[in-house]
Amino acid sequence: MELKTTLEIKPVEEKIHPHDRITSIGSCFADHIGSRFEEMKMDILSNPYGIIYNPISQMRLIKSALKGEDLNEEHIIENRDIYNHLDAHSIFGKKNLIELKDGIREASAKLKDYLETSKVLILTFGTAWVYRYEKTQDIIANCHKLPSQNFQKELLELQDIIEEVSSTIAYLREVNPKIRIILTVSPVRHTKDGIPENMLSKSILRLAVHKIKTSIEKTYYFPAFELMMDDLRDYRFYAEDMIHPNNVARNFIWQRFRETFFSEPLFAYCDKWQAIKNDLNHRVMNPGSEEHVQFLEALYKKLSRFSVMGNVEEEMKHVEKELEDAKSQ
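A quick note: this is a predicted structure, and the numbers were derived from the prediction, not measured.

Caption draft 1: How the structure looks around empty space enclosed by the protein. Across all of its chains, the model carries three cavities of 30 Å³ or more by this definition. Counted as a void, the largest cavity has a volume near 110 Å³. Considering the residues around the largest cavity, the lining is formed by Asp 70, Leu 71, Glu 73, Ile 76, His 85, Leu 100, Lys 101, Ile 104, Arg 105 and Ser 108. Here the element with the most residues in the lining of the largest cavity is helix α3 (residues 97-117); it accounts for five residues. If you add up the space inside the second largest cavity, you get close to 50 Å³. Every residue lining the second largest cavity is listed: Ile 25, Asn 47, Pro 48, Tyr 49, Gly 50, Ile 52, Gln 58, Leu 61, Ile 62 and Leu 111. With three residues, helix α2 (residues 55-67) is the largest single contributor of residues to the lining of the second largest cavity. Of the residues belonging to the lining of the second largest cavity, the class tally is seven nonpolar, three polar and no charged.

Structure follows, in structure tokens:
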């Protein structure tokens, strides 16, 4: 007897390979996916503007980066002696206005580079609830704790999401025709909006993603939301806040992502990196011994060979320093 529902996900034909450059933009789930690839030492840019929840803001940031345009200066605000931009996360907050602008321009330039050269773009939509800035009447990404009278809360229309995302993908494809798009709806519930309101929001996002996926080629959907809501479907898979997936759930969803999108060469790459990670975490019993030196020399060679595929420059420097210390003992 089956005691749970199992969501079957058909693997895609065009899978991710070790040398593929990846860009991940969106909610905290996009950050999670990005961190997994970063741990694998792959070439990925994850949320250069910080966490961005709504699809309209995500698309406008993509277009601005591709066009090399500065973000709207009217969206720069000062609150409690800190400058922030309403279209970016508070991680950019600075006491100096020039530093804020420089940080955002640097993020834009990096995003432009990655969008033009990535093989895969992962977009994670978190909510259809947005805030419109009264001063410019534009939808913004972050209120930065300004008084509520500065904003008007509203629910995105389905067609507005479809048109904005579709036009952005079309524009991106003019620059990078071969880029593949993976769409997801974040499994994190926005309960501060209210539980019925959250479900309404997720429903709009899910329908929008369906419409976009079926009308644009090389666009795929990964059901992270459904895996959390229906396959796991239990509060034991949530963190203490009862909102975010816990480690067990995140590992489960990541494994399903791997099964869906990873190529055989990428699985082999992961195995090689895991073996190297095991060596890096190896506990040395006799520091400075001949055996220790030989182990470090072998590890350095493994890292050197792996560096053709993954970015292990930091690990190589660390082992090189350990090797120097071991030889001097």
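Caption draft 2: How the structure looks around the sheet that holds strand β7 (residues 138-140). One open sheet accounts for three strands, arranged β7-β6-β8; its pairing is antiparallel. Two strands close off the open sheet at either side, each with one partner strand: β7 and β8 (151-155). Taken over all neighbouring pairs, the strand axes of this sheet differ in orientation by 45 degrees on average, direction set aside. Of the strand pairs in this sheet, strand β6 (residues 129-133) and β8 are connected by five bridges, and their pairing is antiparallel. Its bridge partner being in β8, Val 130 is matched across the sheet by Glu 154.

Caption draft 3: How the structure looks around the layout of surface pockets. Here the largest pocket is characterised by a volume of approximately 800 Å³. If you tally residues by element for the lining of the largest pocket, the top one is β6, at three residues. Empty space within the second largest pocket amounts to approximately 250 Å³. In terms of lining residues, the second largest pocket is bounded by 15 residues, among which Arg 60, Leu 61, Ser 64, Leu 71 and Asp 87 are the most central. The set of elements that each furnish at least two residues to the lining of the second largest pocket consists of α2 and β7. Considered class by class, the residues forming the lining of the second largest pocket number three nonpolar, four polar and eight charged.

Caption draft 4: Highlighting the pattern of salt bridges. For the coordinates displayed, the defined rule picks out 21 salt bridges. Residue Asp 43 is joined to Arg 21 by a salt bridge in which the shortest nitrogen-to-oxygen separation is 2.8 Å. With Asp 43 in the loop between α1 (28-39) and β2 (44-46) and Arg 21 in the segment before β1 (22-26), this pair connects stretches of sequence that are 22 residues apart. Here Glu 154 ties to Arg 132 by a salt bridge, and the two come within 2.8 Å at their closest N and O atoms. You can see Glu 154 sitting in strand β8 and its partner Arg 132 sitting in strand β6, a full 22 residues away along the chain. Three or more residues are tied together by salt bridges with common partners; here these are Asp 20, Lys 119 and Arg 180.

Each value, and the rule that gives it
- Residues numbered from 1 in each chain as written.
- Predicted model: local features only at pLDDT ≥ 70, side-chain atom pairs only at ≥ 80, totals over all residues.
- Heavy atoms only, no water.
- 1 Å grid on protein atoms, 1.4 Å probe; cavity = no way out; pocket = protein on both sides within 12 Å on 5 of 7 lines; lining within 4 Å.
- Points joined across faces, edges and corners; volume = space filled by probe spheres on them.
- Helix = DSSP H or I, 4+ residues; strand = E, 2+ residues; numbered from the N terminus.
- Nonpolar A, V, L, I, M, F, W, Y, C, P; charged D, E, K, R; others polar.
- Pairing = 2+ DSSP bridges.
- Axes fitted to C-alpha atoms, helices over the stretch in contact; angles between N-to-C directions.
- Salt bridge = Lys/Arg side-chain N within 4 Å of Asp/Glu carboxyl O.

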